[in-house]
Amino acid sequence: LRSRLDDPEHFTVAVELVTSRGLITEQRGQRVLRVARELAPHPRVDALSITDNPAGNAMLAADTMGTDLISRGQEVIIHLSCKDWNRNALQSRAWKLSSEGFDNVLALSGDYPTGGYRGVAAPIFDIDSVGLLRMYADMNAGTVPGAPPAARTDFLLGAVVTNHKRHEREVMPQLLKLRKKVENGARFIVNQIGYHARKDDELLKWMQLNGLGHVPVLANVFVLSPTVARVLNSGRVPGVVVTDELLELAVRQGRGPDKGRSFFLELAAQQMVVARGLGFRGAYIGGHLDAAEYVDIFERADAYGPDDWRGLARELQFPMPDEFHVFERDEQTGLSSTVPAKRGRPRRPPLRYRVSRRVHDTVFDPGGALHEPVRSALTFAEAAPRPVGKAFHRFEQATKVPMFECRDCGDCSLPDIAYLCPESQCVKNQRNGPCGGTRDGKCEVGEKDCIWALAYERLKPYGEETTMLDGPAVIKDNALRGTSAWVNTFLGRDHHAAGERSQ
């Protein structure tokens with residue numbers, strides 16, 4: 001897979017397989033395994049990609065089916081998400097997978113759990129997708145503390161970008177997080193499901209202009225049905241976009257004699273053709289299909305001429321109302337130009353944030369007027385008898401709890417997220433940018449605004465929105481919980497100091 005992705009003349013095809021609930025010997029498990037075995041020897045299929053508890057439900061582990069497939073010589077991509085595993089379990093999983101011959105990992109934060117035994121499972125999210133990439137990249141380099149050099153892994157690491165978003169405050173943080181994923185080890189990218197060629201063209205152009213043009217991107221081609229289109233349009237699958245216009249088309253086609261099956265296979269073939277024309281390095285195909293239907297898609301795509309993609313790209317555009325674009329439209333192609341589009345006017349940030357910035361610049365910034373006096377006071381408090389330090393910690397909490405809903409994690413990311421607390425205000429505790437699950441700027445759980453969308457808007461008046469994710473990966477140290485975050489910052493114990501050391 002690594003060599004094929006690096007070959008600009010080769011159009012890579014990966015097929016996603018969704019595992020079933022229950023044993024692999026059960027009927028549903030056997031059906032998925034049968035499809036996988038039929039696809040494994042096909043010359044057009046470069047990799048089979050196996051999900052990890054998709055949609056937040058417990059499913060059969062990906063490596064159960066994957067072991068069968070790699071024994072047949074097939075390249076397998078294993079999904080690993082952070083919702084059900086803490087960092088130790090994810091590290092253990094990595095050594096297990098590498099020992100068993102798995103070479104490719106798609107690193108994900110993961111969907112918030114929606115089910116579980118006798119109720120909804122508690123999410124983990126000890127680290128996020130960026131932290132997972134950083135940890136696995138360090139495992140590849142053999143630089144994990146306490147592990148012998150012989151424990152080095154050799155994963156090809158992949159990541160996901162959700163570029164089909166409606167608002168500027170969602171689109172831009174997604175792209176900035178994509179850059180951070182590449183900086184922390186991602187070597188190929190899969191974009192999230194969407195049906196808008198201009199948005200996909202825009203993604204590739206943005207990557208090219210931002211020094212990421214060398215990273216292979218696989219275009220997501222998900223085969224619809226009327227039922228699936230309704231589910232995706234409802235927003236029940238976080239991050240996936242099926243517009244009302246596309247839903248109407250899917251329902252209309254579903255009234256045909258074959259329930260629209262030929263139409264949906266043709267649509268998938270057209271997506272492949274457009275993806276290749278736009279410059280994607282391959283296609284990532286998903287859907288509840290038989291092996292013969294995947295082959296049908298390949299053959300339909302092969303029937304198009306080399307320039308047919310241009311006309312198809314004009315047709316394969318199902319935009320959301322008033323959606324934001326990074327670049328202006330190219331009227332000749334109907335796709336994206338490289339002329340930056342007009343951005344929305346900055347909004348005046350809330351008073352609480354403006355005050356927090358002023359305090360940070362005065363106290364926490366090394367060049368601030370009160371930085372050294374406060375450092376001296378905190379050093380004294382740290383060395384003083386316990387009641388003194390405890391009283392200081394109480395004063396810190398009396399300030400931060402009412403202002404920021406602080407949860408006393410001791411490793412504070414407030415300055416990283418425009419003074420919005422990821423512990424209390426993000427259900428996935430995302431510290432390296434937004435997850436892909438937002439819809440119209442709202443969190444996938446509940447109705448609150450995404451903190452990263454809010455952070456983008458707070459930073460925009462200061463011209464800092466495009467640098468909001470600069471710097472090393474943020475990985476929280478859980479040993480600091482219940483201790484003074486102010487002391488930990490000034491005395492170099494938290495993730496800010498750890499990030500500087502890692503550089």
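Residues numbered from 1 in each chain as written. Predicted model: local features only at pLDDT ≥ 70, side-chain atom pairs only at ≥ 80, totals over all residues. Heavy atoms only, no water.

Remarks on the pairing of strand β2 (residues 47–50)
Covered by surrounding structure in β2 are Ala-47 and Ser-49 together with Leu-48 and Ile-50, the residues of both alternating faces. Each parallel crossover has a hand, and for strand β1 (residues 12–17) linked through helix α2 (residues 27–39) to β2 it is right-handed. Pairing geometry for β2 and strand β3 (residues 76–81), over three bridges, is parallel. The residue bridging Ser-49 from the neighbouring strand is Ile-77, located in β3. With helix α3 (residues 62–70) bridging β2 and the parallel β3, this β-α-β connection has right-handed handedness. (Buried < 20%, exposed > 50% of the residue type's maximum accessible area, 1.4 Å probe, protein only. Helix = DSSP H or I, 4+ residues; strand = E, 2+ residues; numbered from the N terminus. Right-handed = clockwise from strand over helix to strand, strands pointing away. Pairing = 2+ DSSP bridges.)

Thoughts on helix α12 (residues 308–315)
Within the sequence span of α12, burial applies to Trp-309, Leu-312 and Ala-313. Each buried residue of α12 sits inside an arc of 105° when the element is viewed along its axis, so together they form one side. In this structure, the buried residues of α12 make contact with α7 (197–209), α10 (261–278) and β10 (335–340). (Arc of directions from axis to C-beta. Contact = heavy atoms within 4.5 Å.)

Thoughts on the layout of surface pockets
The calculated volume of the second largest pocket comes to roughly 1200 Å³. Contributing to the lining of the second largest pocket are 49 residues, with Pro-54, Ala-55, Asp-111, Gln-192 and Val-237 lying nearest its centre. Of the residues assigned to the lining of the second largest pocket, the class counts are 20 nonpolar, 20 polar and nine charged. (1 Å grid on protein atoms, 1.4 Å probe; cavity = no way out; pocket = protein on both sides within 12 Å on 5 of 7 lines; lining within 4 Å. Points joined across faces, edges and corners; volume = space filled by probe spheres on them. Nonpolar A, V, L, I, M, F, W, Y, C, P; charged D, E, K, R; others polar.)

Focus: the packing of aromatic side chains
Within the structure shown, the criterion is met by 10 aromatic pairs. Counting every residue linked through ring pairs, the aromatic cluster contains Phe-364, Phe-392, Phe-395, Trp-486 and Phe-490. Here Arg-357 stacks its cationic end above the ring of Tyr-462, 3.6 Å away from the centre of that ring. (Phe/Tyr/Trp six-rings, centres within 6.5 Å; stacked < 30°, edge-to-face > 60°. Lys NZ or Arg CZ within 6 Å of the ring centre and 35° of its normal.)

Points about helix α6 (residues 168–183)
In this model, α6 (16 residues) spans 23 Å end to end at C-alpha, consistent with the 22 Å of a helix rising 1.5 Å per residue. The buried count for α6 comes to 14 of 16 residues, which makes it a mostly enclosed element. Directly after α6, the chain includes Gly-185, whose backbone phi takes a positive value near 125°. (Expected span 1.5 Å × (residues − 1).)

Describing unusual backbone geometry
Trans peptide bonds make up the majority, and among non-glycine residues the majority have a negative phi. Positioned with a positive phi, Glu-405 is a non-glycine residue whose angle comes to about 60°. Relative to the helices and strands, Glu-405 is located in the loop between α15 (386–404) and α16 (422–425).

Topic: the pattern of salt bridges
If you walk through the whole model with that rule in mind, you get 32 salt bridges. Residue Arg-300 pairs with Glu-266 through a salt bridge whose shortest N-O separation is 2.8 Å. With Arg-300 in helix α11 (residues 291–302) and Glu-266 in helix α10, the pair connects residues that are 34 residues apart, well separated along the chain. Here Glu-396 and Lys-400 are joined by a salt bridge, their closest N and O atoms 3.2 Å apart. Of the two residues, Glu-396 and Lys-400 both sit in helix α15, four residues apart, roughly one turn of that helix. Assigned by exposure class, Glu-396 and Lys-400 land together as buried. Among the ionic contacts, a cluster of salt bridges with common partners joins Asp-63, Arg-93, Lys-96 and Glu-100. (Salt bridge = Lys/Arg side-chain N within 4 Å of Asp/Glu carboxyl O.)

Observations regarding the nonpolar core
Core analysis: the largest hydrophobic core is formed by 121 residues, its most contacted members being Tyr-136, Leu-224 and Met-272. Per-element tally for this core: the top contributor is α10, with 10 residues. Setting aside residues no more than four positions away along its own chain, Met-272 makes contact with Phe-11, Val-13, Arg-44, Val-221, Ala-283, Ile-285, Ile-297, Phe-298 and Ala-301. Listed in part, the 13 residues of the second largest apolar core include Leu-5, Ala-14, Leu-156 and Val-190. (Core = buried A, V, L, I, M, F, W, Y, C linked by side-chain atoms within 4.5 Å.)

Description of the environment of Gln-425
Considering the arrangement of structural elements, one finds Gln-425 in helix α16. Measuring from C-alpha to C-alpha, the distance between Gln-425 and Asp-449 comes to 9.1 Å, with 24 residues separating the pair along the chain. In this structure, Gln-425 is in contact with Phe-404, Glu-405, Leu-420, Lys-448 and Ile-451, ignoring residues within four places of it in sequence. Polar contacts involving the side chain of Gln-425 include one to the main-chain carbonyl oxygen of Phe-404, which spans 3.3 Å. (Polar contact = N/O pair within 3.5 Å; in protein donor to acceptor, adjacent residues only side chain to side chain.)

Focus on the packing of helix α4 (residues 87–99) against helix α5 (residues 129–141)
Direction vectors running N to C along α4 and α5 enclose 45°, while the axes themselves pass 11 Å from each other. One way to sum up the angle between α4 and α5 is to call them oblique. Pair α4 / α5 crosses with right-handed handedness. Between α4, through Arg-87, Leu-90, Gln-91, Ala-94 and Trp-95, and α5, the contact on the second element is made entirely by Leu-132, Met-135, Tyr-136 and Met-139. Here the residues of the contact of α4 with α5 sort into seven nonpolar, one polar and one charged. (Axes fitted to C-alpha atoms, helices over the stretch in contact; angles between N-to-C directions. Parallel < 35°, antiparallel > 145°, perpendicular 65-115°, else oblique. Left-handed = near helix turned anticlockwise from the far one by under 90°.)

Describing a nonpolar patch on the surface
On the surface, Leu-351, Val-355 and Val-359 cluster together into a nonpolar patch covering about 250 Å² of accessible area. Mapped onto the secondary structure, Val-355 falls in helix α13 (residues 351–364). (Patch = residues over 30% accessible without salt bridge, like charges linked within 9 Å, V, L, I, M, F, W, Y side chains within 5 Å. Areas by Shrake-Rupley, 256 points an atom, 1.4 Å probe, with all protein chains shown as cover.)

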